[in-house]
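Residues per chain, in single letters:
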Amino acid sequence: DVHERVIVLDVSDARDQLRVFINPEIVSTSDETKIFEEGCLSVPGIYDEVERPDRVTVRALDENGKPFELQADGLLAVCVQHEIDHLNGRVFVQYLSRLKQSRIKTRLQKAERAVDGDGKVAIYLQVANLYLERFSNQAEAIKAFEKVLELDPDNLQAAEHLLAVYEKRRDWEK
């Protein structure tokens, strides 16, 4: 087996249940669908509702190369579908209407023009997301992220993004 397609997820509250899916494929989906708000680092700051099958069955290999099949629902089902979409070259905004896609494209182009020549804002946004993964609450994340902002204390866009991502993540955990 060639391990060319890999997904690593952890949707647990404690963030201590890492799941590895090597060469994953969705083998069945439910007829019932649910709408979840999704966001993605591929399109930073963009969030919208996406309708997906409520339950999926995924076949993959685990981190030891052992085959398994998993029935997923709720947030896990959404995340598995979202990440497999990435492996297939698709992002969640492609599920949205053409009008919404056009508005998002315009918004991303404006944000791209706002980034300085060194791409500092993009780097800050990536770091902000990493800090949110590492720290358990907003205060800890902001305190740690302040050290990054010391390099460029006027970079309010990065700080605002940090807060927006935290708020979205907190909403998912409810």
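As the structure is a prediction and not an experimental result, all values here were calculated from the model. (Residues numbered from 1 in each chain as written. Predicted model: local features only at pLDDT ≥ 70, side-chain atom pairs only at ≥ 80, totals over all residues. Heavy atoms only, no water.)

**Remarks on the overall build of the chain**
Condition: Think of it this way: any DSSP run of H or I at least four residues long counts as a helix, any run of E at least two long counts as a strand, and we number them from the N terminus. The contact rule is simple, with two residues in contact once any of their heavy atoms fall within 4.5 Å. Every accessible area reported is derived by Shrake-Rupley at a probe size of 1.4 Å, with residue values counting cover from the shown protein chains alone.
Broken down by element type, the chain carries five helices and six strands. When its helices and strands are written in sequence order, the chain yields β-β-β-β-β-β-α-α-α-α-α. Long-range pairs, those at least 24 residues apart, make up 57% of the contacts in the chain with a sequence separation of at least 6. When the accessible surface of the chain is summed, it comes to about 11200 Å², and 48% of that surface belongs to carbon and sulfur atoms.

**Thoughts on the sheet that holds strand β5 (residues 55–61)**
The test is simple: Pairing between strands is defined by DSSP: at least two bridges between them are needed. Inter-axis angles, ranging from 0 to 180 degrees, are taken between N-to-C directions of lines fitted to C-alpha atoms, where helices are fitted over the stretch in contact.
The strand order across the open sheet formed by four strands is β1-β2-β5-β6, and the pairing between neighbours is antiparallel. Each edge of the sheet is formed by a strand with only one pairing partner; in this case those strands are β1 (6–9) and β6 (67–73). Direction aside, the axes of adjacent strands within the sheet are offset by 50° on average. One ladder, built from seven bridges, connects β5 with β6; its direction is antiparallel. Across the sheet, residue Arg59 finds its bridge partner in β6, namely Glu69. Against the sheet, helix α1 (residues 74–87) contacts β1, β2 (19–29), β5 and β6, and its axis sits at roughly 150° relative to β1.

**Observations concerning the side chain of Asp85**
Using the following cut-off: Relative accessibility decides the category of a residue: with a 1.4 Å probe and only protein chains considered, values under 20% of the type maximum give buried, values over 50% give exposed, and everything between is partly exposed.
Examined against the element boundaries, Asp85 turns out to sit in helix α1. Residue Asp85 is classed as buried on the basis of its relative accessible area, which comes to 10%.

**Examining α1**
Quick reminder: α-helices carry 3.6 residues per turn. Residues three or four places apart thus point the same way. Quick note on the threshold: Here the expected span of a helix is defined as 1.5 Å times the quantity of residues minus one.
Look at α1: 20 Å from first C-alpha to last across 14 residues, which is about the 20 Å you get at 1.5 Å a residue. When α1 is considered as a whole, its buried residues turn out to be Leu76, Ala77, Val78, Cys79, Val80, Gln81, His82, Ile84 and Asp85. Looking one or two residues past α1, Gly89 carries a phi angle of roughly 80°, positive in sign.

**Observations concerning the packing of aromatic side chains**
Worth spelling out the cut-off: For Phe, Tyr and Trp, rings pair up if their centres lie within 6.5 Å, where Trp contributes its six-membered ring, and each pair is then called stacked (planes under 30 degrees apart), edge-to-face (over 60) or tilted (otherwise). In our convention, an over-ring charge means Lys NZ or Arg CZ found within 6 Å of a ring centre and within 35 degrees of that ring's normal.
On inspection of all chains with the given rule, the structure shows one aromatic pair. Ring plane angle 50° and centroid distance 5.6 Å describe the contact between Phe21 and Phe68, whose orientation is recorded as tilted. Of this pair, Phe21 sits in strand β2 while Phe68 sits in strand β6, and the two are 47 residues apart along the sequence. Residue classification places Phe68 among the partly exposed positions, given a relative accessible area of 26%. One Lys or Arg, Arg90, reaches over the ring of Tyr95 and ends 4.2 Å from the middle of that ring.

**What about the nonpolar core?**
Just so we agree on the cut-off: Nonpolar cores are built from buried Ala, Val, Leu, Ile, Met, Phe, Trp, Tyr and Cys residues. Side-chain atoms within 4.5 Å join them into one set.
Membership of the largest hydrophobic core comes to 13 residues, with the highest contact counts inside it found for Leu9, Phe21, Val58, Ala72, Leu76 and Val80. Looking at this core, the elements that each hand over two or more residues are β1, β5, β6 and α1. Per-element accounting of this core gives the leading share, five residues, to α1. Contact partners of Leu9, with chain neighbours within four places excluded, come to Gln17, Leu18, Arg19, Phe21, Leu76, Cys79, Val80 and Glu83. Of all hydrophobic cores here, the second largest spans eight residues; its members include Val43, Ile46, Val50 and Leu96.

**Section: the environment of Phe68**
Separated by 44 residues in sequence, Phe68 and Pro24 have C-alpha atoms that sit 9.7 Å apart. Not counting the four nearest positions on each side in its chain, Phe68 is found in contact with Val20, Phe21, Val58, Arg59, Ala60, Leu61 and Asp62.

**A few points about the pairing of β1**
Working note: regular strand, side chains alternate between the two faces of the sheet. Burial along β1 is one-sided: the face carrying Ile7 and Leu9 is buried and the face carrying Val6 and Val8 is not. With four bridges joining them, β1 and β2 adopt antiparallel strand pairing. Bridge pairing in β2 links Ile7 to Phe21.

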